[in-house]
Amino acid sequence: MTLKLQNINKHYKTNHALKNFTYSFNNGIYGLLGPNGAGKSTLINILAGNVIADDDSSILYDNHPIKRHNKEFRSKIGFMPQQQSLYDNFTARHFMLYIAALKGIKSKQAEEETKELLTRVELIETADKNIGSFSGGMKQRVLVAQAMLGQPEILLLDEPTAGLDPRQRVIIRDLIKHYAKDRIVLISTHITSDIETIADEVIMMNKGDIVCSGKVSELCGDSTNGIITLEQLYMQIYNEKDEEK
Ligand SMILES: Nc1ncnc2c1ncn2[C@@H]1O[C@H](COP(=O)(O)OP(=O)(O)OP(=O)(O)O)[C@@H](O)[C@H]1O
Ligand SMILES: [Mg+2]
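In short, a report on the structure. Each residue is numbered by its place in its chain's sequence as written, counting from 1. Here the convention is simple: chains get letters from A, ligands get numbers from 1, in the order in which they are written. Two thresholds apply to this predicted model, a pLDDT of at least 70 for residue-level local features and 80 or more for giving and counting side-chain atom pairs, whereas whole-chain, interface and lining totals are computed over all residues. Each side-chain value is derived from all of the structure's non-hydrogen atoms; neither hydrogens nor water enter the calculation.

### Some details on the overall build of the protein
Logical step 1: Under the scheme used here, helices are H or I runs from DSSP no shorter than 4 residues and strands are E runs no shorter than 2 residues, and both carry numbers assigned from the N terminus. Along the backbone of the protein there are 9 helices and 12 strands.
Logical step 2: Computation of the radius of gyration draws on C-alpha atoms alone. For the globule rule, the value is 2.2 Å times the number of residues to the power 0.38. For 245 residues, the compact-globule formula gives about 18 Å, and the C-alpha radius of gyration of the protein, at 18 Å, lands near that figure.
Logical step 3: For the protein, the C-alpha atoms occupy an extent of roughly 55 × 40 × 35 Å along the three principal directions.
Logical step 4: Burial status follows relative accessibility: with a 1.4 Å probe on protein chains alone, a residue under 20% of its type maximum counts as buried, one over 50% as exposed, and anything between as partly exposed. When burial is assessed residue by residue, the protein has 51% of its 245 residues classed as buried.
Logical step 5: Contact criterion: two residues are considered in contact whenever any of their non-hydrogen atoms come within 4.5 Å of each other. Once local pairs closer than 6 in sequence are excluded, the contacts in the protein between residues at least 24 apart make up 70%.

Structure representation (structure tokens):
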């Protein structure tokens, strides 16, 4: 599976939020890093079909151009939005089954996957409670779980571990890693350790540009300074950007 993005641009009126974003994704986990407003959610939303890119942008999936997000391409995508927009009056189980129905998943498979995913995110015991009564982290875990329904080939997660306690963060990371075999997974995050532990590649963005990308081990293995952490690399890169202002 290859997802090729070529010259993806997005203007919100005069704000150029994504600038000629060009990158090829193969199976594996890709971490998107960058300060607030860098364009991470814009990119993810374009891929999810929620935001329309400018006209000159091109998306190719296994060399087929994706013009509009038709039903076939949508069915390959699992998406977790950054903003929590859950239905408070649904139970976790009903919410999952509802999303599964929207994705066209048959009811038996939907029930099985719902059970498995809610077990993995440790919500099976509260599966029949209303989402409105959940803590922020519990809601977050329902959102991650729903994105994986139907085992989509492309998984887009916008800050999946934001607001999770350390133990739940590790559980979600392991789930993503387990899931990612033979799939393309894009994760936007502010947590560098999430990327260090599970991502195959990192893409660092700033004001709609890619400022640095590649394998974490290669970017952080500096011949003069020895090995640095991704957080240290982040500080170096974005401090320089600040000084350029
Ligand atoms: N719906 C919108 N209308 C107008 N401008 C928008 C809209 N969505 C995003 N923007 C702008 O596009 C730019 C990129 O925003 P985006 O949400 O993609 O950043 P981000 O990297 O996800 O940031 P964060 O880390 O805060 O989530 C910002 O300048 C933002 O103000
Ligand atoms: Mg965002």
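Still more ground to cover, so stick around.
### Regarding the side chain of Gln140
Logical step 1: One can find Gln140 in helix H5 (residues 136-147).
Logical step 2: Beyond its immediate chain neighbours, meaning those up to four positions away, Gln140 contacts Met80, Gln84, Glu159, Pro160, Thr161, Ala162 and Leu164.

### Section: the coordination of the magnesium ion (ligand 2)
Logical step 1: The coordination sphere of the magnesium ion (ligand 2), as far as protein atoms go, consists of Ser41 (OG) and Gln82 (OE1), spread over 2.0 to 2.1 Å. One end of the pair, Ser41, is in helix H1 (residues 40-48); the other, Gln82, is in the loop between strand E6 (77-80) and helix H3 (92-102), and 41 residues separate them in sequence. Water is absent from the atoms considered, so a metal site may look incomplete; donors are defined as N, O and S atoms within 2.8 Å of the metal, or 3.2 Å for Na, K and Ca.

### Side note on helix H6 (residues 166-179)
Logical step 1: Each helix should span, by expectation, one fewer than its residue count multiplied by 1.5 Å. Spanning 14 residues, H6 covers 20 Å between terminal C-alpha atoms, matching the ideal 20 Å at 1.5 Å per step.
Logical step 2: Where H6 is concerned, the buried positions are Gln168, Arg169, Ile171, Ile172, Arg173, Leu175, Ile176 and Tyr179.
Logical step 3: By the N-cap criterion, in which a side-chain oxygen at the helix start approaches the backbone nitrogen of a residue two or three places on, H6 is capped by Asp165, the distance to Arg167 being 3.1 Å. Pairing of N or O atoms within 3.5 Å defines a polar contact, subject to two protein rules: one partner must be a possible hydrogen donor and the other a possible acceptor, and residues neighboring in sequence count only if both atoms are side-chain atoms.

### Here we look at a nonpolar patch on the surface
Logical step 1: The patch calculation keeps residues exceeding 30% relative accessible area without a salt bridge and links them within 9 Å when they carry like charges or within 5 Å when they are nonpolar (Val, Leu, Ile, Met, Phe, Trp, Tyr). Note on areas: Shrake-Rupley, 1.4 Å probe, and residue coverage restricted to the protein chains presented here. Any Lys or Arg side-chain nitrogen found within 4 Å of a carboxyl oxygen on Asp or Glu counts as a salt bridge. A cluster of nonpolar residues, Tyr87, Tyr98 and Leu102, forms a patch on the protein surface that exposes about 310 Å² of accessible area.
Logical step 2: Position of Leu102 among the secondary structure elements: in helix H3.
Logical step 3: The class for Leu102 is exposed, based on a relative accessible area of 61%.

### Observations regarding the site of ligand 1
Logical step 1: Near ligand 1, the surroundings consist of 14 residues, among which Gly37, Lys40, Ser41, Thr42 and His190 are the closest.
Logical step 2: Within the side chain of Lys40, an N or O atom sits 2.8 Å from an oxygen atom of ligand 1.
Logical step 3: Within the contact set of ligand 1, an oxygen atom lies 2.6 Å away from a side-chain nitrogen or oxygen of Thr42.
Logical step 4: The protein chains hide 61% of the 640 Å² of surface that ligand 1 would expose on its own.
Logical step 5: Going through the elements one at a time, strand E2 (15-25) and H1 are the ones with two or more residues in the shell around ligand 1.
Logical step 6: Counting residues per element, the shell around ligand 1 draws most heavily on H1, which supplies 3 residues.
Logical step 7: Polarity classes work like this: nonpolar for Ala, Val, Leu, Ile, Met, Phe, Trp, Tyr, Cys and Pro, charged for Asp, Glu, Lys and Arg, and polar for all others, with Gly in that last group. Tallied by class, the residues present in the shell around ligand 1 amount to 4 nonpolar, 8 polar and 2 charged. Near, as used in this document, describes a residue that has one of its heavy atoms within 4 Å of the molecule or strand being considered.

### Overview of helix H4 (residues 107-120)
Logical step 1: Between its first and last C-alpha atoms H4 spans 20 Å; for 14 residues at 1.5 Å apiece the expected length is 20 Å, and the two agree.
Logical step 2: Tucked inside the fold, the buried residues of H4 contact H3 and H5.

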